[in-house]
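Structure assessment
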Amino acid sequence: MITRLGIAGTAAARGEVLNRLRGSGRILVIALPVARLLAGLVALGAVAAAGIGGYWLAAGTEAVERLWVPSAETTPADVVVDMPELVVNLRRDTPSRFLKIGLSLTVAHNDRQALEQAMPQLTDSLQEFLRNLDQDDLEGSAGLHRLRSEIRRRFNLILSDPAGRRDVVTDVLLRSLLTQ
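These remarks concern the structure in this document. (Residues numbered from 1 in each chain as written. Predicted model: local features only at pLDDT ≥ 70, side-chain atom pairs only at ≥ 80, totals over all residues. Heavy atoms only, no water.)

Time to look at the overall build of the chain. Looking only at helices and strands, one finds 6 helices and 4 strands in the chain. Reading the secondary structure of the chain in the N-to-C direction produces α-α-α-β-β-β-α-α-α-β. By the burial criterion, 24% of the 180 residues in the chain qualify as buried. As displayed, the chain offers around 13000 Å² of accessible surface, 59% of which is attributable to carbon and sulfur atoms. (Helix = DSSP H or I, 4+ residues; strand = E, 2+ residues; numbered from the N terminus. Buried < 20%, exposed > 50% of the residue type's maximum accessible area, 1.4 Å probe, protein only. Areas by Shrake-Rupley, 256 points an atom, 1.4 Å probe, with all protein chains shown as cover.)

Spelled out as structure tokens, the structure:
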């Protein structure tokens with residue numbers, strides 16, 4: 001009996017809801033979601049206006065105008081400069097006696113000429129550093145990471161401006177590395 005009344009009650013309730021939707025209830029079904037959407041858009045606009053207003057108060061009118069003007073300045077991409085391959089003797093106490101290495105240096109576009117002018121000093125510094133290595137210094141990925149980091153540090157000491165505020169060489173890439 002409960003199931004019969006429950007089904008009959010559900011069917012009657014369903015019919016009543018459908019009758020309401022055919023009349024004035026249809027307006028509520030459409031109007032309420034549209035009103036919620038508009039209220040959300042107004043709230044989003046208010047938050048955006050408050051953010052831009054706060055930025056204007058903090059940074060000034062010129063900064064806000066720069067937000068809307070496209071920037072004409074584009075920084076050129078970094079360039080890769082290849083160094084000549086070097087073959088050096090390793091320290092006497094190592095089983096491997098020779099190291100052949102090929103490097104590429106990543107620098108900013110406007111620092112390329114300074115790098116090419118300093119290439120003899122860089123090559124000399126690199127040879128001096130590599131001749132003091134032994135086989136254990138080149139073991140594993142940690143050894144290669146230390147090698148690249150030390151070469152980068154040495155090159156930036158040679159190439160940096162007197163204040164030394166920025167690195168000229170941004171990355172050292174190993175093209176080839178062979179010990180024999």
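Now that the structure has been shown, we can carry on.
The tally for this structure, following the rule as stated, stands at 7 salt bridges. Note that Arg 148 and Asp 171 form a salt bridge whose closest N and O atoms lie 3.0 Å from each other. Taken together, the residues span a long stretch of sequence, with Arg 148 in helix H6 (residues 140-159) and Asp 171 in strand S4 (residues 169-179) at a distance of 23 residues. Residue classification places Asp 171 among the partly exposed positions, given a relative accessible area of 27%. (Salt bridge = Lys/Arg side-chain N within 4 Å of Asp/Glu carboxyl O.)

A separate point is the side chain of Ser 125. Relative to the elements of secondary structure, Ser 125 occurs in helix H5 (residues 119-131). The exposure class of Ser 125 is buried, given its relative accessible area of 12%. Residues within four places of Ser 125 in sequence aside, it is in contact with Arg 154 and Ile 158. (Contact = heavy atoms within 4.5 Å.)

What follows deals with the nonpolar core. Leu 115 and Leu 130 are the most contacted members of the largest nonpolar core, which has 27 residues in total. At the level of secondary structure, the elements contributing two or more residues to this core comprise strand S1 (79-82), strand S2 (86-89), strand S3 (98-107), H5, H6 and S4. Each residue touching Leu 115, except ones within four places of it in the same chain, is listed here: Val 81, Leu 105, Val 107, Leu 122, Leu 159 and Val 169. (Core = buried A, V, L, I, M, F, W, Y, C linked by side-chain atoms within 4.5 Å.)

With that out of the way, let us pick up the pairing of S1. The alternating pattern of S1 places Val 79 and Val 81 on a buried face, while none of Val 80 and Asp 82, on the opposite face, is buried. Relative to S3, S1 runs antiparallel, the two sharing 4 bridges. In the strand pairing of S3, Val 81 is matched with Leu 105. (Pairing = 2+ DSSP bridges.)

Looking now at the packing of H5 against H6. At their nearest, the axes of H5 and H6 sit 10 Å apart, and the two run at 140 degrees to each other. Judged on the interaxial angle alone, H6 and H5 are oblique. Note that H5 runs across H6; the crossing there is right-handed. Between H5 and H6, the contacting residues are Gln 121, Leu 122, Ser 125, Leu 126, Phe 129 and Leu 130 on the first element and Leu 147, Glu 150, Ile 151, Arg 154, Phe 155, Ile 158 and Leu 159 on the second. Among the residues making up the contact of H5 with H6, the classes are represented as 9 nonpolar, 2 polar and 2 charged. (Axes fitted to C-alpha atoms, helices over the stretch in contact; angles between N-to-C directions. Parallel < 35°, antiparallel > 145°, perpendicular 65-115°, else oblique. Left-handed = near helix turned anticlockwise from the far one by under 90°. Nonpolar A, V, L, I, M, F, W, Y, C, P; charged D, E, K, R; others polar.)

Time to look at H5. If you check H5, its first and last C-alpha atoms are 18 Å apart, about what 13 residues at 1.5 Å a residue would give, namely 18 Å. Buried positions along H5 lie against S1, S2, S3, helix H4 (112-117) and H6. (Expected span 1.5 Å × (residues − 1).)

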